[in-house]
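One letter stands for each residue in the lines below.
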Amino acid sequence: QVQLVESGGGLVQLGGSLRLSCAASGRVRSIYDMGWYRQTPGKQRDLVAAITPGGSTNYADSVKGRFTISRDNAENTVYLQMNSLKPEDTAVYYCNADIVNVFSSSRRIYWGQGTQVTVSS
């Protein structure tokens, strides 16, 4: 069993900051790419940012210069620092990770449960 547990969402005012965390636990052998997605009602889930084990990053154009993704490989954790938040950043944020299970050696994508981020104007 592998789980991704997210924390750090909440309500923030326009221009504020939040930091999301997502920790992988359970039968984790190794983790490849990790990322953050977001989804609003009636819309598809879109990539916000992704990071490789070596630290290479990729961002959606809408968050470049405002959001920073990072990871702690020793702690199996990925972070998303969100600055200069806008109302259009309001969404449920999901982390995901490409994980090899320690017992089965199978590799698959896991998702967190989602955390709500609301930016008020």
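Residues numbered from 1 in each chain as written. Predicted model: local features only at pLDDT ≥ 70, side-chain atom pairs only at ≥ 80, totals over all residues. Heavy atoms only, no water.

## Digging into the state of the cysteines
Next up, step 1: Tallied over the full model, the rule gives one disulfide.
Next up, step 2: A sulfur-sulfur separation of 1.9 Å characterises the disulfide bridge that pairs Cys-22 with Cys-95. On the sign convention where negative is left-handed, the bridge of Cys-22 and Cys-95, at about 45° about the S-S bond, is right-handed. With Cys-22 in strand S3 (residues 18–26) and Cys-95 in strand S9 (residues 91–101), the pair connects residues that are 73 residues apart, well separated along the chain. Cys-95 matches Cys-22 in its accessibility class, with the two residues each being buried. (Disulfide = S-S within 2.5 Å. Helix = DSSP H or I, 4+ residues; strand = E, 2+ residues; numbered from the N terminus. Buried < 20%, exposed > 50% of the residue type's maximum accessible area, 1.4 Å probe, protein only.)

## Examining the sheet that holds strand S1 (residues 2–7)
Next up, step 1: Read across the open sheet, the four strands follow the order S1-S3-S8-S7; overall the sheet is antiparallel. The open sheet has two edge strands with one neighbour each: S1 and strand S7 (67–72). The sheet shows a mean angle of 15° between the axes of neighbouring strands, taken without regard to direction.
Next up, step 2: Pairing geometry for S3 and strand S8 (residues 77–82), over six bridges, is antiparallel. What sits directly across from Leu-18, in S8, is Met-82. (Pairing = 2+ DSSP bridges. Axes fitted to C-alpha atoms, helices over the stretch in contact; angles between N-to-C directions.)

## Examining the side chain of Asp-89
Next up, step 1: Here Asp-89 shows up in the loop between S8 and S9.
Next up, step 2: On the basis of relative accessibility, which here comes to 0%, the residue Asp-89 falls in the buried class.
Next up, step 3: Within polar-contact distance, the side chain of Asp-89 engages the side chain of Arg-66 at 2.7 Å.
Next up, step 4: If we ignore the near neighbours within four places in the chain, the residues touching Asp-89 are Arg-38, Arg-66, Phe-67, Ser-84, Val-117 and Val-119. (Polar contact = N/O pair within 3.5 Å; in protein donor to acceptor, adjacent residues only side chain to side chain. Contact = heavy atoms within 4.5 Å.)

## Things to note about the nonpolar core
Next up, step 1: By size, the foremost hydrophobic cluster in this structure holds 31 residues, and its most contacted members are Trp-36, Leu-80, Met-82, Tyr-93 and Ile-99.
Next up, step 2: Elements that contribute at least two residues to this core include exactly S1, S3, strand S4 (28–39), strand S5 (46–51), S7, S8, S9 and strand S11 (115–120).
Next up, step 3: The biggest single contributor to this core is S9, with five residues.
Next up, step 4: Among residues more than four places away in sequence, those in contact with Met-82 are Gly-16, Ser-17, Leu-18, Leu-20, Arg-66, Phe-67, Tyr-93 and Val-117. (Core = buried A, V, L, I, M, F, W, Y, C linked by side-chain atoms within 4.5 Å.)

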